[in-house]
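Coordinates in review
Chain residues, written in single-letter form:
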Amino acid sequence: MAKKLRTLIAANWKMHGDMSWVFKPADFAGLYHADSRKHLDVLICPPATLLGSMLDPEQTGVLLGGQDCHAETSGAHTGKISAEMLKDAGASYVIVGHSECRAAGDTDADVNAKAKAAARAGIIPIICVGETEAERNKGKAQAVVSAQIKASLPKLKDYVIAYEPVWAIGTGKTATPDDVDEMHNAIREQVGAKVRILYGGSVKPANAESLLALKNVNGALIGGAGLEMESLAEIAKAAPQP
Ligand code: PEP
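Parameters and conventions
Residues numbered from 1 in each chain as written. Predicted model: local features only at pLDDT ≥ 70, side-chain atom pairs only at ≥ 80, totals over all residues. Heavy atoms only, no water. Buried < 20%, exposed > 50% of the residue type's maximum accessible area, 1.4 Å probe, protein only. Helix = DSSP H or I, 4+ residues; strand = E, 2+ residues; numbered from the N terminus. Pairing = 2+ DSSP bridges. Near = heavy atom within 4 Å. Polar contact = N/O pair within 3.5 Å; in protein donor to acceptor, adjacent residues only side chain to side chain. Areas by Shrake-Rupley, 256 points an atom, 1.4 Å probe, with all protein chains shown as cover. Nonpolar A, V, L, I, M, F, W, Y, C, P; charged D, E, K, R; others polar. Salt bridge = Lys/Arg side-chain N within 4 Å of Asp/Glu carboxyl O.

1. Considering the pairing of strand β1 (residues 7-12)
- Burial analysis of β1 places six of its six residues in the buried class, the great majority of the element.
- The side-chain alternation of β1 yields two buried faces, one formed by T7, I9 and A11 and the other by L8, A10 and N12.
- In terms of strand pairing, β1 meets strand β2 (residues 40-45) through six bridges, oriented parallel. In the sheet register, N12 faces β2, and the bridge partner there is C45.

This is the structure we're talking about:
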């Protein structure tokens, strides 16, 4: 059942990229192969400055997303971007609760409000959760993630969960397939059969296939390896056929 969900391969460019990074048709040619569009969504979340200049997802099939949003529609919030603004610039997804934003102060309640704002704007939130290394070592990983989901998730029709163990982000350390399998099975119990659950944390071409093959892994959220179109394309190629 779960594998019937479309695979989502999402690249978070974080604070990387200038106008020279804006796609040219040749850049995304390899992101889809054969008839993979039937079962695969490739999503790029560039810095908001580039969003409006990227090629139209309707033409390329490459979806666009924001990296964070404010909970309100508009207002006196210097430096912030609303979900409505992201949508207006071409986004159909937004990442909320990334561990880098949580480390900078976002609480579960903030993440919940941002996810609600995304739905209000008509874009799909990718709600990030994940335990720290200390929490895992104490045997609390599942309890922490379950509590984060409970508190960060408003009542929504359409959303994505990204399980990103904090200790695996940008470190080159990847959770073992067994650990990912165990966590994703637990998340599946919590969110039901229709929600896509992504794994994130040092996903690269060398480990993508074994992670994406797991029953309840419906895609990946990728930092470092998503900055190069070639490695992103390799990861997208590892998406299993339904
Ligand atoms: C991330 O930042 O969400 C991430 C998973 O980064 P990386 O792939 O570089 O570990």
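2. Quick look at the pairing of strand β6 (residues 160-163)
- Here β6 shows no split at all, with V160 and A162 on one side and I161 and Y163 on the other all buried.
- The pairing of strand β5 (residues 124-129) with β6 spans four bridges and is classified as parallel. Counted as the bridge partner of C128 is A162 from β6.
- The sheet contact formed by β6 and strand β7 (residues 196-200) spans four bridges and is parallel. Residue pairing across strands places V160 opposite R196, the latter belonging to β7.

3. Overview of the site of the ligand
- As a structural note, the neighbourhood of the ligand is formed by 13 residues, with K14, E164, G170, S202 and G223 the closest of them.
- One of the side-chain nitrogen or oxygen atoms of E164 is found 2.7 Å away from an oxygen atom of the ligand.
- Interatomic distance of 2.6 Å between a backbone N/O atom of G170 and an oxygen atom of the ligand.
- When the ligand is considered free in solution it has 300 Å² of accessible area, and contact with the protein chains removes 95% of it.
- Here the shell around the ligand is composed, by residue class, of four nonpolar, seven polar and two charged.

4. Thoughts on the pattern of salt bridges
- According to the stated counting rule, one finds eleven salt bridges in the structure shown.
- In this structure, K114 and D106 form a salt bridge, with 2.8 Å as the shortest nitrogen-oxygen distance. Assigned by exposure class, K114 and D106 land together as buried.
- Where salt bridges share partners, they join R6, D41 and R196 into one cluster.

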